[in-house]
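# Structural overview for review
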Amino acid sequence: MTSVLYDAQGPRAKQRNILYTVLFLIVAAAAMWWVYDSLASKHQLDWIKWKPFFTSSLPWETFIWPGLQNTLKAAFFALIIALPLGALFGIGRLSDHRWVRMPAGVVVEFFRAIPVLILMITANAAYSEYTTISSESRPLYAVVTGLVLYNASVLAEIVRAGIQSLPSGQTDAAKAIGMRKGQTMLYVLLPQSVTAMLPAIVSQLVVIVKDTALGGAVLTFPELLASVRPMSANYGANTIACFTIIALIYIVVNFALTSFASWLEGRLRSRKKSTGAVVGAGPAGGLETIGAPTLIVDDGRAV
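This write-up is about the structure you can find in this document. (Residues numbered from 1 in each chain as written. Predicted model: local features only at pLDDT ≥ 70, side-chain atom pairs only at ≥ 80, totals over all residues. Heavy atoms only, no water.)

## Considerations on the overall build of the chain
When its secondary structure is counted, the chain shows 10 helices and 2 strands. Ordered by position from N to C terminus, the α and β elements of the chain give α-α-α-α-α-α-α-α-α-α-β-β. When the 303 residues of the chain are sorted by exposure, 33% land in the buried category. Here the contacts in the chain between residues at least 6 apart in sequence split such that 68% fall between residues at least 24 apart. (Helix = DSSP H or I, 4+ residues; strand = E, 2+ residues; numbered from the N terminus. Buried < 20%, exposed > 50% of the residue type's maximum accessible area, 1.4 Å probe, protein only. Contact = heavy atoms within 4.5 Å.)

## Observations concerning the pattern of salt bridges
Counted by the stated rule, this structure contains 5 salt bridges. A salt bridge links Glu 109 to Arg 93, with the shortest nitrogen-to-oxygen separation between them at 3.1 Å. Here Glu 109 is found in helix 4 (residues 98-113), whereas its partner Arg 93 is found in the loop between helix 3 (58-92) and helix 4, with 16 residues between them in sequence. The salt bridge involving Glu 109 is made with Arg 112; its shortest N-O contact spans 3.0 Å. Here Glu 109 pairs with Arg 112, and both are found in helix 4, just 3 residues apart, close to one helical turn. It is possible to trace a salt-bridge network through shared partners that takes in Arg 93, Glu 109, Arg 112, Glu 157 and Arg 160. (Salt bridge = Lys/Arg side-chain N within 4 Å of Asp/Glu carboxyl O.)

## Thoughts on the nonpolar core
Ranked by size, the top nonpolar core spans 35 residues in total, and within it Ile 64, Ile 246 and Ile 249 carry the most contacts. Among the elements of the structure, helix 2 (47-55), helix 3, helix 5 (116-130), helix 6 (138-164), helix 8 (181-218), helix 9 (228-234) and helix 10 (239-274) are those that each provide at least two residues to this core. In this structure, Ile 64 is in contact with Phe 53, Pro 59, Leu 224, Ser 227, Met 231, Ile 245, Ile 246 and Ile 249, ignoring residues within four places of it in sequence. (Core = buried A, V, L, I, M, F, W, Y, C linked by side-chain atoms within 4.5 Å.)

So, in structure tokens, the structure goes:
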């Protein structure tokens, strides 16, 4: 028996796959045991090192919660600034005018090619040299600036690809009813491309949340991951426990973001499916077509 994509496995191939699976499980179990034994031999799994996180609110109130607040604050400011900038440059790269398209392309390609850590360090040095921002607030400004410059360029490419993924018939239909290019972009193309762009935008938001840790590692920004060092110093060198708790918090935050994005994407898709021709009963009991939409605009009206 064969499939369109592959040939069905024979008896020997099935035996080999079973053997490979068993070998993989043995190697994985051995690796897990080695990790467990190494941690246990160094007393990293002792209850005394994990106890503060489960029996006291002090580490959460003193270290984890302030760090999480700073992480979410930096990510929030970076997102609300980078998203409109990315949309602006993404639309600019699609402009018919070369004097708009070329500078937008240069800016996007330049900042997308530079590591975000270099952008943060450069922004911190610039703020220190040319502004009066205090040394306490400067790391936050530098982290947000670096995240905005890098992620705006990435989001610009996401916006451009999302708009270009739409069928050309949408643009043709907008032109047919007399819409100008700006109106077509604002009322037709952008609203429809949001659903296609949403997964990539959320993935970039997850990247923004995680990249705030670079500011803590280099610029002494007191974000979530940076709280590991003072916690470990205050609770008996429980570095593994601290990193584990922080990693779980990152997982919960990012999972919440992706879950919300999946729910929102489903809502947007259901709204699009619900818009269409409305058919009702005519005076003679027949079917009467109320509308035959050819163009969907941002408020769900059919034109």
